[in-house]
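Secondary and tertiary structure notes
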Amino acid sequence: MIKWTATVVDVKYEKDLINVVVSPDNFYPGGGGQPCDYGKIRNNNFEGEVFRIEKKDYSVLKVKPVSGKLKTNDIVECIVDEKRRKRLTQMHSGQHAFYKHLEIVKKIKGEEISVEKVDINEVESSLYVKASSLTWNDLFRAEDALNEMIKEGRPVYVHNIRKEEIPKYPELRIKTERIKSDVIRVVEIKDFDWSACSGTHVANLSEIKNFIVSRFRSAGNNEFEIKFRVDDSSYVAKLSQEIRVISSMVNEEPEKLGNYIKKIKDENERLKGQINELIKTAKIEFDSQRVGDITLYSKHLENFDNKRFVQIGNSALQEKSIVLVTNQEENLKYAVFCSPDSGRNAAEIIKRINIKLNGKGGGSNSFGMGAVNATREELLKEFMLIIS
Ligand SMILES: [Zn+2]
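Residues numbered from 1 in each chain as written. Predicted model: local features only at pLDDT ≥ 70, side-chain atom pairs only at ≥ 80, totals over all residues.

1. Some remarks on the overall build of the chain
The helix and strand inventory of the chain stands at seven helices and 20 strands. Rg of the C-alpha trace for the chain: 32 Å, well past the compact-globule value of 21 Å for 388 residues, more than 25% over. Taken along its principal axes, the extent of the C-alpha atoms in the chain is 90 × 55 × 45 Å. Taking all 388 residues of the chain together, the buried fraction comes to 29%. For the chain, the proportion of contacts with a sequence separation of at least 24, taken over those separated by at least 6, is 53%. (Helix = DSSP H or I, 4+ residues; strand = E, 2+ residues; numbered from the N terminus. Rg over C-alpha atoms; globule rule 2.2 N^0.38 Å. Buried ≥ 20, exposed ≤ 12 C-beta atoms within 10 Å, placed from the backbone. Contact = placed C-beta atoms within 7 Å.)

2. Quick word on the domain arrangement of the chain
Looking at the assigned domains, one finds that the chain contains domain 1 (3–80), domain 2 (86–249) and domain 3 (287–387). Centre-to-centre, using C-alpha coordinates, domain 1 lies 63 Å away from domain 3. (Domains from an automatic or database assignment.)

3. Section: the sheet that holds strand β10 (residues 172–173)
Read across the sheet, four strands follow the order β9-β11-β12-β10 without closing on themselves; strand pairing throughout is mixed. Both outer strands of the open sheet, β9 (156–162) and β10, are each paired with one neighbouring strand and no more. This element, helix α1 (residues 82–108), spans β9, β11 (183–189) and β12 (193–196) of the sheet and lies at about 125° to β12. (Pairing = 2+ DSSP bridges. Axes fitted to C-alpha atoms, helices over the stretch in contact; angles between N-to-C directions.)

4. Looking at the sheet that holds strand β16 (residues 294–302)
The six strands are arranged β15-β16-β17-β18-β20-β19 in an open sheet whose pairing can be described as mixed. Here the strands that pair on one side only, and so sit at the sheet edges, are β15 (287–291) and β19 (360–363). Averaged over all neighbouring strand pairs, the angle between strand axes comes to 15°, with direction disregarded. For β19 and strand β20 (residues 367–372), the ladder comprises four bridges, and the chain directions are antiparallel. For Gly-362, the partnering residue across the bridge sits in β20 and is Met-369.

5. Concerning the nonpolar core
Among the nonpolar cores identified, the biggest contains 33 residues, and Phe-98, Leu-146, Leu-205 and Phe-211 are the most heavily contacted of them. Of all the secondary structure elements, the ones that give two or more residues to this core are α1, β7 (113–119), β8 (125–131), α2 (136–152), β11 and β14 (223–230). The leading source of residues in this core is α1, at seven residues. Setting aside its immediate chain neighbours within four residues, Leu-205 contacts Ser-93, Ala-97, Met-149, Ile-150, Gly-153, Arg-154, Val-156 and Ile-189. In terms of nonpolar packing, the next biggest core, distinct from the first, is built from 23 residues, Val-323, Val-325, Leu-332 and Ile-350 among them. (Core = buried A, V, L, I, M, F, W, Y, C linked by C-beta atoms within 7 Å.)

6. Quick look at the pairing of strand β3 (residues 39–43)
Pairing analysis gives five bridges linking β3 to strand β4 (residues 46–55), with the strands arranged antiparallel. Across the sheet, Arg-42 pairs through a bridge with Glu-47, a residue of β4. Taking the residues between adjacent antiparallel strands as the criterion, β3 and β4 are bridged by two residues.

7. As for unusual backbone geometry
With an omega of -5°, the peptide bond running from Ser-23 to Pro-24 counts as cis. Position of Pro-24 among the secondary structure elements: in the loop between β2 (17–23) and β3. Backbone geometry at Asn-221 places phi at a positive 60°, although glycine is not the residue there. Summarising the element assignment, Asn-221 is placed in the loop between β13 (211–220) and β14.

8. A closer look at the pairing of β12
Bridge analysis of β10 against β12 gives two bridges, and the strand direction is parallel. Bridge pairing links Leu-172 to Trp-194 in β12. Direction of pairing for β11 relative to β12: antiparallel, over a ladder of four bridges. Note that in β12 the partner of Val-187 across the bridge is Ser-195. From the end of β11 to the start of β12, which pair antiparallel, there are three residues, and Asp-191 there has a positive phi angle of about 55°.

9. A word on the packing of α1 against α2
Where α1 meets α2, the axes come as close as 8 Å, and the angle between the chain directions of the two elements is 130°. Taken together, the axes of α1 and α2 lie oblique to each other. Between α1 and α2 the crossing geometry is right-handed. From α1, Ala-97, Phe-98, His-101, Leu-102, Val-105 and Lys-106 reach across to α2, where they touch Asp-138, Arg-141, Ala-142, Ala-145, Leu-146 and Met-149. (Parallel < 35°, antiparallel > 145°, perpendicular 65-115°, else oblique. Left-handed = near helix turned anticlockwise from the far one by under 90°.)

If you want it as structure tokens, here you go:
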């Protein structure tokens, strides 16, 4: 257990929390992408939970009182939420080692990569990098290499060095502009990575157990977010189970799922093309009725995508006419077309329907789209009142 005895140096009650300063203070206050420790402070007369830490030259513990009262000069027992600390520590060391492996993978290809931001969390953490490109293949190579190093049991050391010693660490990853103190804390993964960091770290990479990139997306502007998990074999097992279930569902070998999905996507594209062709040539029947000096053409569809039902509506538009196409999905979507000589305005019609039926949508004089939580009959009734 990480616990120690400390003296309360300062106490300030503030609404439902207490600002507490203790000495000595071994709570990690947060930094380098790693959030602060949680924990407890207590003695015979008081118990409270540390849920946030404000960093000044010293730390101010934000404490939620559970029982009793705390005063300056009290002697308290401080206890760190060890489970959380351990998770954050594994994550943080995993992030250092993974980034270095990824840097090597990119260097071999002659490509640059840099860290933009780190966001360490207990279950899943994020590493944001800047790179000209990044693929799953790059990530897998770094992931494999790191898992090898975890298996091997590579030691991790912490050195406290002085500024003038920086040249002795030619591969040191450091943002010099951020360094304020004369002593710099260097975290070394033996003979592999050196990084200036204030965070908590494992003493040996074997403590990480395993590392997996769980998600990966481009954030635009050559930035990528890499989500990862450590010491989470149950997550890896769950993924693999899910894949086996899916492979049964589609009746395909798990190893061939990628090819199978690519085939389906291609097929889907082909079908979309064919449907578009059909719609162009098909004669779709519309109901028509006279409304004063114009004709209203209307048609009801179900579960068409937006692009197609609009296309269908557009095909019915004639001189001196209005077209209304409704498309039932979860809610009722509709498109309105007004010919220039119809004397009606699509945007205005939709605006009035929005007011009457609490709908959404808008458009221009000649075309607009909307959605309502109403039946087609209710929509039609309002529509007729507006255009008549
Ligand atoms: Zn770090």
